[in-house]
Structures are given as structure tokens and as C-alpha cells.
Number of protein chains: 2
Amino acid sequence: MKANTNYAKLESSYLFANIAHKVAEFQKENPQAAVIRMGIGDVALPLAPAVIEAMHKAGDDLSKKETFHGYGPEQGYDFLREALRKYYGRHGVELSMPEIFISDGAKSDVGNILDLFALENEVVVPDPVYPVYVDTNVMAGRKITYMSAEESNGFLPMPSRETTGDIYYLCSPNNPTGAAYNRAQLTEWVDFAREKGALILFDAAYEIFIDNPDIPHSIFEIPGAKDCAIEFCSLSKTAGFTGVRCGYTIVPESLIFDGMSLNKMWVRGQTTKFNGVSYISQRGAEAVFSEEGLAQVREVIRYYKGNAMIMIKAFEELGITFFGGYCSPYIWLKCPREMESWDFFDLLLKKAYIVGTPGSGFGVNGRNFFRLSSFNSKENTQEAMSR
Amino acid sequence: MKANTNYAKLESSYLFANIAHKVAEFQKENPQAAVIRMGIGDVALPLAPAVIEAMHKAGDDLSKKETFHGYGPEQGYDFLREALRKYYGRHGVELSMPEIFISDGAKSDVGNILDLFALENEVVVPDPVYPVYVDTNVMAGRKITYMSAEESNGFLPMPSRETTGDIYYLCSPNNPTGAAYNRAQLTEWVDFAREKGALILFDAAYEIFIDNPDIPHSIFEIPGAKDCAIEFCSLSKTAGFTGVRCGYTIVPESLIFDGMSLNKMWVRGQTTKFNGVSYISQRGAEAVFSEEGLAQVREVIRYYKGNAMIMIKAFEELGITFFGGYCSPYIWLKCPREMESWDFFDLLLKKAYIVGTPGSGFGVNGRNFFRLSSFNSKENTQEAMSR
């Protein structure tokens, strides 16, 4: 048996595993240190009461023969897909039910969707970038090129006449930089992709943080996007589902490449390699999109956005350059004195007991930047800023 | 963008989707018909009380800040991996913790594990076969060869000197035939694979139905298997988790191909493309392996095995040739008068309102066979047999 040697081209371990290892070492040597974790994008607050109630009820359903649910549809239950159809409707996006797929999280689908594309496609990712986009393509052996996200373009690269490539990853609001494309910029991207016959993989994981009407929540708010884009989103950030596992993927029916419908291919792929998301998680997700659930969830998001404001104020006072923080849980700050980001990581951990994510972990352009997240308690955020 | 045209080589829809469509049509035309579904392998009985209790408690954990669980380890929580380590110990199999991976079901991992193998490997599957083994490899563009499972070998193909191939799929107790390899047969397979440098993908999804000491529950009961096999299992059949979604995959640390550790590659793959299984599902799964949970689960399995005995008795009385049924929830029966299996499907649906699975859906060798499952109520099983 021959192994897939593309794996040998990967860095030996995943960024967040590296960080976890460094922090564990530090904690072992300094057990008294009150470390504040502002690195990985995990949430701090518990689930909304409406979600808990729905999941309890779902558990009860499974305890009785009359209400038991076995295998569900691989694409997700209609009750949840319908709730999502309405949620998209709030932003003026019309989706058909077959375009909506329930996933166990955006990370899984962002990786698995690659099955639908030929290996010889050229993949274009921004630098800095969420490492999953790169690693999943390296594993498959695809050619990757980078487009520069940097201070001069506000960390929002745009296509040009010279840009070549078949598959473009856009994440807006962006992980790691927190920068978000406005309507005019996304329109430019959609027009470009349609003209070139390219595909955009749009990661909308942080859409719930948007409170600026000029920043689209979904790429499908842009006319023509249904001919050139797939969108991924997750309830991990929207509703603190990092441990519950539920997300969604939109694959428009009008996406046709080489005469093949990507929507039909994805149905075929999912029915073959997936058995759907836990019934309990899907009932919890349905509750997120109820009036009561959305109100509770937005309350939590306001809390995290309050943390971002605490950071923004601190950085403005200190005169530190930063990006993001407004329509995003992430703040992307410039390391002091051109410091390399891993050096800044070590310094911050050792001197202030604060864990962040070094920009280098996201690409060359991140070498002098550092990502902090607002997914923490208000007290910890304030404490971290005062340190 | 170029689509993965391997998808065009697939049959247009998945076997069970086809059957569901046919049954829906029939029900629409005959709303009064009391259809009994003995086709797809979904369970009928609700979850064990110990599982429900554990999942309720897990939901409560997520409702409070102090006990909230966000992102879990991609490989699964140690509490569940440790429970599995002990479960394997009951059959004399010693596993290390890093060898145990928690999945959202065997189907996902059986599909996703293929990422680890080079595309040029030759894949060998039995005919008849669980369609997922074939379709996932067709999607990736691998060469597939078949080994004949037929009446003369009891639907249990064995390797010979002439057998060539790199990756072998074995499912025991088998889906769809219900046939199960004994210790001597599996030893022959393991010796063969080690000699040839081949890999066995062992699907143990139905191990809980085994009550014959000569039939191994795990391929790792066979000496040397850790050098040549990966094992997949699921709680779908063990504990009725078809809607809860939790399974496990064993990737031994000693599996080295082309100097690469498949275990380390799988860790890298899972941490990149997966975010772990729902905390609630994992707590439910942990409860399955408690003394109380195992006792409750085994009670349910006894019930399904009772259904299989009802079928076995009926077929013996009618002089119908069949396989399986003893260490398996499936009975694989020969269609009367050399009938083609889809014809028999139509006949059984129209005349007796019984849904089974046509053997043709699993391969050429299934053309005159038909799969019935014991995952139904005792009453329905009795009613079906009398019809």
C-alpha cells in the first residue's frame, strides 16, 4: 500500500496544537500564573436557554419509541433548513431548500468540499490565511498561490487583470485579520469570478458580528454570486456551538462547471460519506433561529463585541496599529518594534500571561502581527488590557 | 474551475435514496397499505435510559459557564477513548489511547480515511459490497477490483496466491450478507496482508451481534493485525445511535507505509478537517460503555436477534436458502425461482407491502439475493413473515 506522500509536505503539526503545547509547558513550569487565553477562537459563554431547552426536548424525543429519530437526511432536517432559508431571507437572499446543507461545522465542509474539484485546479488563498484552506489543498496535492493581504490594502486583497487561478478563498469578516469586504469590493470579486469561470469559496463564519449595513452577511447578497460561489457558515461563533457541532453550507443549484452541477455532486458526496448531524444538535440549531433564540444569541454577541471595544480603546490609547475588531471577534494588531510574532507570543506569555495567536502561523504577511480574540469574559479582557 | 469528473462515473443516486423514492411513490398511490420497512439498517427502538440520562446531564453542562465545553479534542474526549480502551480489553485487544479516534459515524471515517492513501493504489472489495466502499474510491479515481462472494464460499471470499491489490475492504459480520469470518479465516487474511504489504480496512459495525466465540469482534484479536489493519466501528447499531452520530476508528501506531505513520497522518488529517464529535453525543457514548449502559444495550440487541430468529425459523420452514442472521442483524436470502432482486423488491412491495433491499444494489453477485434486516419491532417482523 502506498501512502499519500502529499502529507509529508505539511508542517508537522497544526498551528493551534503548537500553541496549546507551548502554553501547557509554560503552565507546568509556572503553575501560579493566571494565564488568559485570547488565542484560539473558542467561546467562553454557555449556550442560550432556548437552545438548552430544545436539546433537552430532543433528548426526550430519542427516549421514546413514538418520537425516536434514527438516520436523518444527510443534507439535514427540513425544520432546520427552513429556519435557515428564512434567516437568509432577512438579508434579502433567496435560497431554495436543496441549496441548504447542514454540516457538523464549517471546518469539515471547507475541507470535504474539495472532493468536488479536479486536482489540477489552481487554488488562490490570501496571505495571511486560516491554515485549513492551505493544508487541505496540500494534502490533496493542489497547486496553491497566494494573494497578498497587507497594511496597504487593509488586509483585503482584490483581484486584478493579472490574477490567475480557479478557486479563490475569501473569508469575510476575516480570520485572522478581522477585516471585512464591503458591498462594492465583493461585487468586484463576483464579477471577476464570473468573467474568469472561477469559483469563490466564501467563509462567512463570523457574519453574526457584522453591524455595518455596507458589509454583506452573505456573498449571495451580491447579484451573480449564485453562479460562482459556495458559502460556509457555522453556529460555533453565532451561538457558541463549538462543542455542539452544527453549521451549514450553501451550494447554489446554478453552479455548473464542466456540465456538472456542483449541487448535485455535493448531494452525492454527502449521501455517500456522511450520515447527517446529530438530531439533538439540529434541534438546538433550530432554536437559535427562533425569535427567542436569536434575541438570546445576539445578547451574547453584544457581550463579545463589548470585549472588542475594550481592546480597541486600549490599543487606540497606546497608539498600537490594528485591524478588525468592529465587525469581527478578532483584532489583528501590529507587534511593537517590528517584533517577530512568535517572539511577541513568548514575551506576552512570559511577561503578561496572555495567550494570543502569532501572525506567522497564518502566513508570511503575518510575521509582525498578532491575533487576539474577544471570546473571553469581560473581566479577563479588562485584566489582559491592563497587564 | 474544473470539476472532479470522476463523479460522472458514479451511478446517479445512492441505493437507499432509490429505494426511499420507490417506496414513497408506492405509498402515495396506496395510502392504505401498511408498509413494513425491513430495508435500510435503521433501528426501531429508542435509546437506553443510561444514555438519555447522560445526554441530559451533558446538555446541563453546556448551560453553565463553569461546566461549559467548547471545542473538544478532534480525536475525541479522553473519557470516551478510555471507555473504548476498556471495551476492547474485554476481547483481549490492547490499544493505546492515541490509537483510538472518535468519529461521527463509521460512514464518515470509512470515506475520509482514503485521504491517507495514494491515488494509484488498487482497491479490492467483495461483490456484493456496501456501496460506500466503491463510491468513495470511484470519486477519488482509484482502480477497483472485485473478489467474488458467493454461495460456494459462504459469501466469505479468501485471498489466494494470485490475489493482487493494495487495500482490501473486509466487513464482518458482513453488510449485506450477514456472513462473518471466523478466527482462522481472519488469521489467513492478516498473514496475507502482512506478506504482501497490503492494508485491510476492517468494518466492524455489527460486532455487537456476535455471540460465537470463534468469530472475532475485532480484527485486532488476530496477532499481527496491528501491522496491516484499520478498524471502523459505530454506535449506530451497537446502541441505536443512528440519529445521535458517534462511532470510532482504530488506527494502530505500528502502521507504517512509505516510512509514514498512518496514525500520525490521521491525527493531522482530523485536526485539519474535523472539529470533533458533539460533546453531548460523546457523553451519551460514554454511558453506553458503563456497566449499566452495556446491560441495557445488550437487552435491545437480544430483541433484534429475536427478530432474526423469527425470520430464520420462517425461512427454514419455507425451505428458503439464506445466509447471515446469527451473528448479524441481516438475513441474505435467495430470491425464489432465480428472480432478479429488483423484480423481487417490486413483488414484495406490491403484494406484501414489505420493503427489503435488492441484492443487485450491492453488486452483480447479489442479483438473485435480497437483504432483510432485523431492526424492526417484533410485531412487524412476525407480521412480515406471515405475509
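Residues numbered from 1 in each chain as written. Chains lettered and ligands numbered in written order. Predicted model: local features only at pLDDT ≥ 70, side-chain atom pairs only at ≥ 80, totals over all residues.

1. Digging into the domain arrangement of chain A
Residue and element names in this part refer to chain A. What counts here: A domain assignment, automatic or from a database, supplies the domain bounds used here. Only runs of H or I of at least four residues qualify as helices and only runs of E of at least two qualify as strands under DSSP, and these elements are numbered from the N terminus. In this classification, the charged set is Asp, Glu, Lys and Arg, the nonpolar set is Ala, Val, Leu, Ile, Met, Phe, Trp, Tyr, Cys and Pro, and all remaining amino acids, among them Gly, are polar.
One can read the domain layout of chain A as domain 1 (5-47 + 292-386) and domain 2 (50-291). Those elements that provide at least two residues to the side of domain 1 that touches domain 2 are α10 (291-318), β11 (322-324) and β12 (330-334). Examining the composition of the side of domain 1 that touches domain 2, we find that nine residues originate from one element, α10, more than from any other. Within the side of domain 1 that touches domain 2, the residues separate by chemical class into 20 nonpolar, twelve polar and five charged.

2. Quick look at the interface of chain A and chain B
This is how the line gets drawn: Throughout, a residue-residue contact means that the two C-beta atoms, derived from backbone geometry, are no farther apart than 7 Å.
Contact with chain A, which involves 70 residues of that partner, is made by 70 residues of chain B. Counting only elements with at least two residues in the side of chain A that touches chain B, the list comes to α2 (49-62), α4 (106-112), α5 (131-140), α8 (262-273) and α9 (279-288) of chain A. A total of seven residues in the side of chain A that touches chain B trace back to one element, the largest contributor, which is α8 of chain A. Partitioned by chemical class, the residues of the side of chain A that touches chain B number 33 nonpolar, 23 polar and 14 charged.

3. Concerning the pairing of strand β15 (residues 369-373) of chain B
Regular strands show a simple pattern: their side chains alternate between the two faces of the sheet. All names here are of chain B. Threshold: Counts of 20 or more other C-beta atoms within 10 Å of a residue's own C-beta define buried residues, counts of 12 or fewer define exposed ones, and intermediate counts define partly exposed ones; C-beta atoms are placed from the backbone. Criterion used throughout: strands pair if DSSP finds at least two bridges between them.
Of all five residues in β15, five are buried; the element is thus mostly enclosed. Judged by which residues are buried, β15 turns out to be covered on both faces: F369, R371 and S373 on one side and F370 and L372 on the other are all buried. Bridge count for strand β12 (residues 330-334) against β15 is five bridges, and the pairing is antiparallel. Note that in β15 the partner of Y330 across the bridge is S373. Direction of pairing for strand β14 (residues 357-358) relative to β15: antiparallel, over a ladder of two bridges.

4. Describing the confidence of the model for chain A
Residues shown with low pLDDT carry predicted positions that ought not to be read at fine detail. We apply this condition: pLDDT expresses, on a scale from 0 to 100, how confident the predictor is about each individual residue.
Looking at chain A, pLDDT values average 95 and 99% of them are 70 or higher. In the predicted complex, the global pTM is 0.96; the interface-specific ipTM is 0.95.

5. Regarding the nonpolar core
Filter applied, for reference: For our purposes the nonpolar core covers buried Ala, Val, Leu, Ile, Met, Phe, Trp, Tyr and Cys residues that link as a set through C-beta atoms within 7 Å.
In terms of nonpolar packing, the biggest core is built from 246 residues, with V51, I167 and I200 of chain A together with V51, I167 and I200 of chain B touching the most fellow members. With near-sequence residues (within four places) excluded, V51 of chain A lies in contact with A239, G284, A287, V288 and G293 of chain A.

6. Structural notes on the sheet that holds strand β6 (residues 199-203) of chain B
All names here are of chain B. The condition is simple: To obtain an axis, a line is fitted to C-alpha atoms, over the contacting stretch when the element is a helix, and the angle between two such axes runs from 0 to 180 degrees between their N-to-C directions.
Across the sheet, which stays open at both edges, the seven strands sit in the order β2-β8-β7-β6-β5-β3-β4 with mixed pairing between neighbours. Of all strands in the sheet, those with a lone pairing partner are β2 (100-103) and β4 (143-148), marking the two edges. Each neighbouring strand pair of the sheet contributes to a mean axis angle of 20°, computed without reference to strand direction. Alignment of β6 against strand β7 (residues 229-234), held across four bridges, turns out to be parallel. The residue of β7 that forms the bridge with F202 is E231.

7. Re the packing of helix α3 (residues 78-89) of chain A against α9 of chain A
Residue and element names in this part refer to chain A. Put simply, the test is: Working definition: roughly parallel below 35 degrees, roughly antiparallel above 145 degrees, roughly perpendicular at 65 to 115 degrees, and oblique for all remaining angles. Put simply, a crossing is left-handed when the front helix is turned counterclockwise from the back one by less than a right angle, and right-handed when it is turned clockwise.
Running from N to C, α3 and α9 cross one another at 25°; their axes reach a closest spacing of 9 Å. One element, α3, and the other, α9, form an angle in the roughly parallel class. At the point where α3 passes α9, the crossing takes the left-handed sense. Residues F79, L80 and A83 of α3 form the contact with α9, whose own contacting residues are Q282, A285 and E286. Taken together, the residues of the contact of α3 with α9 sort by class into four nonpolar, one polar and one charged.

8. Digging into the relation of the copies chain A and chain B
We count it as follows: Least squares is the method used to superpose the copies, on C-alpha atoms of residues holding a pLDDT of at least 70 in both.
In the superposition of chain A on chain B (RMSD 0.0 Å, axial shift 0.0 Å), the rotation amounts to 180°. Within this description, the copies of the chain are treated as partners about a two-fold rotation axis. Closest to the rotation axis within chain A is the C-alpha of H56 of chain A, separated from it by 3.0 Å. Of all interface residues in chain A, 100% are interface residues in chain B too; the two copies therefore contact each other through one and the same surface.

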